[in-house]
Amino acid sequence: MEVQLIEGARFEDHRGSVAFVNDFKFEGIERFYMISNSEANPIRAWQGHKLDCKNFYCVSGSFKIGYVKIDNWETPSLDLEVHTVVLTAAESKVLHIPAGYANAIVSLEKESKLMSFSTLPLSRVQEDDVRFAPTTWTIHE
């Protein structure tokens, strides 16, 4: 499976609004968590996942998410192509990043919140999580 940006929509009327991504399927989702980067450290980079698929949804504010396809888990190339997607609370989209990638998450606004849905049970996270230095790759503007 490849990286996908799954489009949703937003409906508004006099009662308020409803945001949805009807084409996102929760098959295989084991857990979820909310990410809020600090103002002092607005970037969280780079976490790689050999087994876990990540699905990101912006709840408030906005984020730039970078991702790279890892070519070698022990010594990845430093010139891997970095792709980026911006997720905002104003748009209802889910970014699906399959296993085999590393990602970086940058808050673009204060108090932004990003929900992450993971396919790997918590009991297996240690065998999957690979951390790379924040400067390994650069997220382009």
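Look a little higher up for the structure.
Heads up: these notes are all about the structure in this document. (Residues numbered from 1 in each chain as written. Predicted model: local features only at pLDDT ≥ 70, side-chain atom pairs only at ≥ 80, totals over all residues. Heavy atoms only, no water.)

Remarks on the pattern of salt bridges
Quick note on the threshold: Salt bridges, as used here, are contacts in which a Lys or Arg side-chain nitrogen is within 4 Å of a carboxyl oxygen on Asp or Glu. Exposure is judged per residue with a 1.4 Å probe applied to protein chains only, and the accessible area is read against the type maximum: over 50% gives exposed, under 20% gives buried, and values in between give partly exposed.
Tallied over the entire structure, the rule returns eight salt bridges. Put simply, Arg 10 and Glu 12 hold a salt bridge, and the shortest N to O gap is 4.0 Å. Using a relative accessible area of 56% as the deciding quantity, one classes Glu 12 as exposed. A salt bridge links Glu 127 to Arg 124; the nearest nitrogen and oxygen atoms lie 3.2 Å apart. Taking relative accessible area as the criterion, Glu 127 reaches 48% and is therefore assigned partly exposed. Judged by relative accessible area, Arg 124 falls into the partly exposed class, the value being 35%. Three or more residues are tied together by salt bridges with common partners; here these are Glu 7, Glu 91 and Lys 93.

Here's the deal with the pairing of strand β7 (residues 62-69)
Here is the rule we go by: A helix here means a DSSP run of H or I that spans at least four residues, while a strand means a run of E at least two residues long, and both kinds are numbered starting from the N terminus. Being paired, for any two strands, means DSSP has found at least two bridges between them.
The buried count for β7 comes to seven of eight residues, which makes it a mostly enclosed element. One ladder, built from six bridges, connects β7 with strand β8 (residues 83-88); its direction is antiparallel. Along β8, the bridge assignment pairs Ile 65 with Val 85. Bridge count for β7 against strand β10 (residues 101-107) is seven bridges, and the pairing is antiparallel. Residue pairing in the sheet places Gly 66 in a bridge with Ala 104 of β10.

Some words on the sheet that holds strand β1 (residues 4-7)
The cut-off we apply is this: What counts as an axis is a line fitted to C-alpha atoms, over the stretch in contact for a helix, and the angles between N-to-C directions run from 0 to 180 degrees.
Read from one edge of the open sheet, five strands run β1-β9-β6-β11-β4, paired in antiparallel fashion. Edge positions in the sheet fall to β1 and β4 (31-35), since each of these pairs with one other strand and no more. Ignoring strand direction, the axes of neighbouring strands in this sheet form an average angle of 25°. Relative to strand β11 (residues 113-118), β4 runs antiparallel, the two being bridged by five bridges. Bridging across to β11, Tyr 33 finds its partner in Ser 116.

Describing the sheet that holds β7
Ordered in space as β8-β7-β10-β5-β12, the five strands form an open sheet in which the pairing is antiparallel. Looking at which strands have only one partner, the edges of the open sheet turn out to be β8 and β12 (129-131). Sheet twist, expressed as the mean angle between neighbouring strand axes with direction ignored, is 25°. Where strand β5 (residues 43-49) and β10 come together, five bridges link them in antiparallel fashion. Counterpart to Gly 48 in the pairing with β10 is Ala 102.

Focus on the side chain of His 49
The condition that has to hold: Throughout, a contact is declared for two residues whenever any of their heavy atoms are within 4.5 Å.
Positionally, His 49 belongs in strand β5. Owing to a relative accessible area of 9%, His 49 belongs among the buried residues under this scheme. Excluding residues within four positions of it along the chain, His 49 makes contact with Lys 54, Trp 73, Ala 99, Gly 100, Tyr 101, Asn 103, Asp 128 and Asp 129.

Comments concerning the packing of aromatic side chains
So the rule is basically this: The criterion for an aromatic pair is that two Phe, Tyr or Trp rings (for Trp, the six-membered ring) have centres within 6.5 Å, with stacked assigned to planes under 30 degrees apart, edge-to-face to planes over 60 apart and tilted to the rest.
Counted according to the given criterion, the structure contains eight aromatic pairs. With centroids separated by 5.4 Å and ring planes inclined at 90°, the aromatic side chains of Phe 26 and Phe 117 adopt a geometry described as edge-to-face. In this pair, Phe 26 sits in the loop between β3 (16-20) and β4 while Phe 117 sits in strand β11, placing the two residues 91 residues apart along the sequence. Taken together, Phe 24, Phe 26, Phe 32 and Phe 117 form an aromatic cluster joined through their ring pairs.

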